[in-house]
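Report on the structure
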Amino acid sequence: MADKVYKYNYPSSHTGGVQPMNIRGIFEDERIRLSEEFTDEERAWRKQWLKDQVLSPNEPRPASEEWIREVRNPIRRFVSKPFQLLESGITPVFGKTFATYFRYVLPKSLAVLGAIYFTWYHLKYHQNDWTRAHGATVTIPKPRAFPGDSNFPAKREKTEPNDFCDRGFKARKVFLD
């Protein structure tokens, strides 16, 4: 009886000891469907299940304005409105697929570009020096030098003890008296 196929003998999974839910149930295995254990009632269930998988001609339905107003908050609707207008404007020219993809990619690209510009501006104009206690510290490592190179061993820029942790104090143009 070791060869007998059991209807509900599902394999274990990586779900923390909980068996995964399978909406197809015993209908998934062709051997069970063709065996004598498959009853007429189960065949009727399978037939109905296959009918239920067919979508109606008007599905999937586009999101209506009332549904968007109900689900999305006002800030998100305000921010996405220009991109919706852009999508509706370029749809007749480029097609629905490209316009939808462009509307999806453009805001994310602008956000990444804005983050890059903000970081660049912050690193360039708000560096940590002797006049402030906050900001980014930008350091440049000493150049690489391997044995046999003309610049081996590489010399450090900081040679004196007061060069370390200077934070630009020696290069100041005020309070020189």
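Residues numbered from 1 in each chain as written. Predicted model: local features only at pLDDT ≥ 70, side-chain atom pairs only at ≥ 80, totals over all residues. Heavy atoms only, no water.

- As annotated in an unreviewed UniProt entry, the chain carries the name NADH dehydrogenase 1 beta subcomplex subunit 6 and comes from Trichonephila clavata.

**With respect to helix α4 (residues 74-94)**
- For α4, built from 21 residues, the straight-helix expectation of 30 Å at 1.5 Å per residue is met to within 8% by its first-to-last C-alpha distance of 29 Å.
- Remark: the principal bend of α4, roughly 40°, maps to S80, with a proline, P82, within the next four residues.
- If you follow the buried residues of α4, they end up packed against α5 (96-125).
- Between a side-chain oxygen at the N-terminus of α4 and the backbone nitrogen of I75 the separation is 3.2 Å; the capping residue is N73. (Helix = DSSP H or I, 4+ residues; strand = E, 2+ residues; numbered from the N terminus. Expected span 1.5 Å × (residues − 1). Bend = angle between axes of the 7 residues up to and from the residue. Contact = heavy atoms within 4.5 Å. Polar contact = N/O pair within 3.5 Å; in protein donor to acceptor, adjacent residues only side chain to side chain.)

**Points about the packing of α4 against α5**
- Where α4 meets α5, the closest approach of the two axes is 8 Å, and the angle between their N-to-C directions is 145°. Crossing hand, α4 versus α5: right-handed. Contact with α4, carried on its side by S80, F83, Q84, L86, E87, I90, T91 and F94, involves K96, F98, A99, T100, F102, R103, L106, P107 and L110 of α5 and no other residues of that element.
- For the contact of α4 with α5, the per-class residue count stands at 10 nonpolar, four polar and three charged. (Axes fitted to C-alpha atoms, helices over the stretch in contact; angles between N-to-C directions. Left-handed = near helix turned anticlockwise from the far one by under 90°. Nonpolar A, V, L, I, M, F, W, Y, C, P; charged D, E, K, R; others polar.)

**With respect to the pattern of salt bridges**
- Scanning all chains against the criterion turns up five salt bridges.
- In this structure, the salt-bridge partner of K96 is E87, at a minimum N-O distance of 3.4 Å.
- Put simply, D129 and R132 hold a salt bridge, and the shortest N to O gap is 3.7 Å.
- A relative accessible area of 26% means that R132 is categorised as partly exposed. (Salt bridge = Lys/Arg side-chain N within 4 Å of Asp/Glu carboxyl O. Buried < 20%, exposed > 50% of the residue type's maximum accessible area, 1.4 Å probe, protein only.)

**Let's talk about unusual backbone geometry**
- Each neighbour pair has its own omega, and for F152 with P153 the value is -10°, a cis peptide bond.
- Mapping P153 onto the fold places it in the segment after α5.
- One non-glycine residue, C165, lies in positive phi territory at about 55°.

**Examining a nonpolar patch on the surface**
- Together, L86, V93, F94, F98 and F102 line one region of the surface with nonpolar side chains, adding up to about 470 Å² of accessible area.
- Breaking the nonpolar patch down by element, the ones donating at least two residues are α4 and α5.
- Broken down by element, the nonpolar patch gets its largest block of residues, three residues, from α4.
- Given a relative accessible area of 40%, F98 falls into the partly exposed group. (Patch = residues over 30% accessible without salt bridge, like charges linked within 9 Å, V, L, I, M, F, W, Y side chains within 5 Å. Areas by Shrake-Rupley, 256 points an atom, 1.4 Å probe, with all protein chains shown as cover.)

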